[in-house]
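Topology and contacts: notes
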Amino acid sequence: MQVDELIESPLNYTGGKYKLLPQILPFFPNNTTRFVDIFCGGCNVGANVKSESVLFNDNNRIIIELFKLFKIKECNTTIRRIERIIKKYGLSDSSKHGYEFYSCSSSDGLATFNKDKFMRLREDFNNRTKKDERYYYLFYVLVVYAFNNQIRFNSKGEFNLPVGKRDFNSCMKEKLVKFINYLKTTNVSFSAKDFRKIVLNPDTDFVYADPPYLITCATYNENGGWGEKEEVALLEYLDKAHVQGIKFALSNVLSSKGKVNKILLDWIESNDDKYRVIHLNYSYSNSNYHTKDKKTKSDEVLVVNY
Ligand SMILES: C[S@@+](CC[C@H](N)C(=O)[O-])C[C@H]1O[C@@H](n2cnc3c(N)ncnc32)[C@H](O)[C@@H]1O
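From a predicted model like this one, the values you see are computed outputs, not experimental measurements.

Per the secondary structure count, the chain includes nine helices and eight strands. With 306 residues in all, the chain has 34% of them scored as buried. Of the contacts made within the chain by residues no fewer than 6 positions apart, 66% connect residues no fewer than 24 positions apart.

This is the structure:
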């Protein structure tokens with residue numbers, strides 16, 4: 001598959017597997033009845049598989065509700081509503097006016113221009129009690145204008161990232177339209193459950209698990225959402241799937257920046273007659289801007305039971 005044929009998440013998801021797709025996709029079965037993307041995040045993986053249907057699950061309810069909205073609303077309606085929010089808050093719109101219009105320096109991009117407007121948007125989003133369509137569209141715009149397009153909530157449930165350098169530029173818009181078209185023309189469904197609650201069907205399902213990585217820190221994991229207990233529960237869940245005759249693939253890192261995922265390593269070793277490890281060629285060097293040694297390699301793997 002050519003890279004330009006791939007569907008990319010409109011959310012630029014942290015830990016997203018878009019760049020790894022050329023290495024992961026060839027290991028999936030050719031055609032599945034239902035592909036269960038059990039930690040779907042930005043949907044980068046499920047959106048690019050050959051399957052009669054896809055179930056996207058993630059315990060982040062906001063992203064799941066946003067994707068549902070993208071699927072049911074007319075694409076033009078979604079774009080119009082996003083553009084209306086951008087206009088209402090006076091945020092930059094480089095796709096219409098170009099970058100010179102905002103007289104921004106290249107180092108801070110559009111951040112200076114957008115800062116106050118973004119803070120007003122963030123405040124309105126955090127104060128909104130009604131979880132209606134507008135709430136989810138506000139969320140999308142917030143992510144587009146947020147630092148590195150990331151998603152992060154504090155322990156009180158408030159979105160707390162500062163403004164970023166970018167805006168709803170032509171590239172973001174194009175990505176969104178392509179993604180919406182994919183959702184509208186494919187047999188996809190959504191759920192927002194903890195992975196343990198997803199009941200698999202041995203007659204139809206292939207399960208792909210891309211959990212938060214125990215030994216690397218992603219923003220969606222900062223409030224202690226993923227720990228050893230979850231890691232063990234996931235490995236048990238996959239063992240159970242295997243016993244039921246269900247094929248699975250698990251993404252993870254075995255080691256990163258001097259840390260080793262011992263739980264995963266032990267599990268792989270004690271199941272080496274059943275499960276296979278595929279080492280991928282990828283480094284998370286750009287994912288954390290505060291890391292001193294940006295070049296440290298991670299042992300990114302795909303573990304499969306077929
Ligand atoms: C590495 S990201 C997935 C990225 C995705 N594969 C992509 O390419 O866009 C892991 C996801 O797991 C979700 N998650 C964390 N704990 C979970 C749980 N207990 N049940 C289901 N999803 C969970 C997070 O919200 C996050 O979106």
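There's more to say after this.
Once that is clear, we can look at the pairing of strand S2 (residues 51-57). For S2, the tally of buried residues reaches five of seven residues, placing the bulk of the element in the interior. Pairing of strand S1 (residues 32-37) with S2 involves five bridges; the strand directions are parallel. Across the sheet, residue Phe 35 finds its bridge partner in S2, namely Val 54.

A few words now on the site of the ligand. As a matter of local geometry, the ligand sits amid 23 residues, with Gly 15, Phe 39, Gly 41, Gly 42 and Asn 44 nearest to it. Of the residues contributing to the shell around the ligand, the split by class is nine nonpolar, nine polar and five charged.

Now for the packing of helix H2 (residues 61-72) against helix H6 (residues 133-145). Packing of H2 against H6 leaves a shortest axis separation of 10 Å and a crossing angle of 105°. With respect to each other, H2 and H6 are oriented roughly perpendicular. Residues Ile 62, Glu 65, Leu 66 and Leu 69 of H2 lie in contact with H6, whose contacting residues are Glu 133, Tyr 136, Phe 139 and Tyr 140. For the contact of H2 with H6, the per-class residue count stands at six nonpolar, no polar and two charged.

Along the chain, Val 49 falls in the loop between S1 and S2. Taking C-alpha positions, Val 49 is 9.7 Å from Leu 21, a pair spaced 28 residues apart along the chain. If we skip the residues at most four places from it in the chain, Val 49 touches Phe 28, Phe 35 and Val 54.

A separate point is helix H3 (residues 75-89). Under the 1.5 Å per step criterion, the end-to-end length of H3 is 22 Å for 15 residues, consistent within 8% with the ideal 21 Å. Every buried residue of H3 is listed here: Thr 78, Ile 86 and Tyr 89. Projected down its long axis, H3 carries its buried residues within an arc of 80°, all on one side. In H3, the exposed positions that point more than 90 degrees away from the buried face belong to Asn 76, Thr 77, Arg 80 and Lys 87. On its buried face, H3 sits against H2, helix H5 (111-127), H6 and helix H7 (170-185). Looking at the residues trailing H3, positive phi occurs at Gly 90, about 70°.

Let's shift gears to unusual backbone geometry. One non-glycine residue with positive phi stands out, namely Asn 12, at about 45°. Inspection of the secondary structure puts Asn 12 in the segment before helix H1 (21-24). When the 20 C-beta atoms within 10 Å are taken as the criterion, Asn 12 is described as buried.

Among the structural elements, Phe 67 can be located in helix H2. For Phe 67 and Cys 43, which are 24 residues apart along the polypeptide, the C-alpha to C-alpha distance reads 9.2 Å. Ignoring any residue separated from it by four or fewer positions in sequence, one finds Phe 67 in contact with Cys 43, Phe 56, Leu 183 and Phe 190.

The next point concerns the packing of H2 against H7. Orientation of H2 relative to H7, taken along the N-to-C sense of each, is 75°, at an axis distance of 8 Å. What the angle tells us is that H2 and H7 run roughly perpendicular. Note on element contacts: H7 touches H2 through Phe 179, Ile 180, Leu 183 and Lys 184, opposite Phe 67, Phe 70 and Lys 71. Here the contact of H2 with H7 is built from residues that sort into five nonpolar, no polar and two charged.

Once that is clear, we can look at H6. Taking 1.5 Å per residue as the helical rise, H6 with its 13 residues ought to reach 18 Å, and the 19 Å between its terminal C-alpha atoms agrees with that figure. Turning to H6, its buried residues are Tyr 137, Leu 138, Phe 139, Tyr 140, Val 141, Leu 142, Val 143, Val 144 and Tyr 145. For H6, the elements touching its buried residues are H2, H3, H5 and H7.

Next up on the list: the confidence of the model for the chain. Close reading of the predicted structure is inappropriate where its pLDDT is low. Across the chain, pLDDT averages 91, with 90% of residues at or above 70. Counted against residues more than four places away or in other chains, residues 284-294, with its pLDDT under 50, gives six contacts.

With that settled, consider the environment of Asn 261. Locating Asn 261 in the fold gives a position in the loop between strand S6 (259-260) and helix H9 (262-270). Assessed through the 22 C-beta atoms surrounding it within 10 Å, Asn 261 is described here as buried. Considered as a pair, Asn 261 and Ile 215 are 46 residues apart in the sequence and their alpha carbons are 6.4 Å apart. Those residues within four positions of Asn 261 in sequence are excluded, and the remaining contacts are Leu 214, Ile 215, Asn 252, Val 253 and Leu 254.

Calculation criteria
- Residues numbered from 1 in each chain as written.
- Predicted model: local features only at pLDDT ≥ 70, side-chain atom pairs only at ≥ 80, totals over all residues.
- Helix = DSSP H or I, 4+ residues; strand = E, 2+ residues; numbered from the N terminus.
- Buried ≥ 20, exposed ≤ 12 C-beta atoms within 10 Å, placed from the backbone.
- Contact = placed C-beta atoms within 7 Å.
- Pairing = 2+ DSSP bridges.
- Near = placed C-beta within 6 Å.
- Nonpolar A, V, L, I, M, F, W, Y, C, P; charged D, E, K, R; others polar.
- Axes fitted to C-alpha atoms, helices over the stretch in contact; angles between N-to-C directions.
- Parallel < 35°, antiparallel > 145°, perpendicular 65-115°, else oblique.
- Expected span 1.5 Å × (residues − 1).
- Arc of directions from axis to C-beta.
- pLDDT = per-residue confidence, 0-100.

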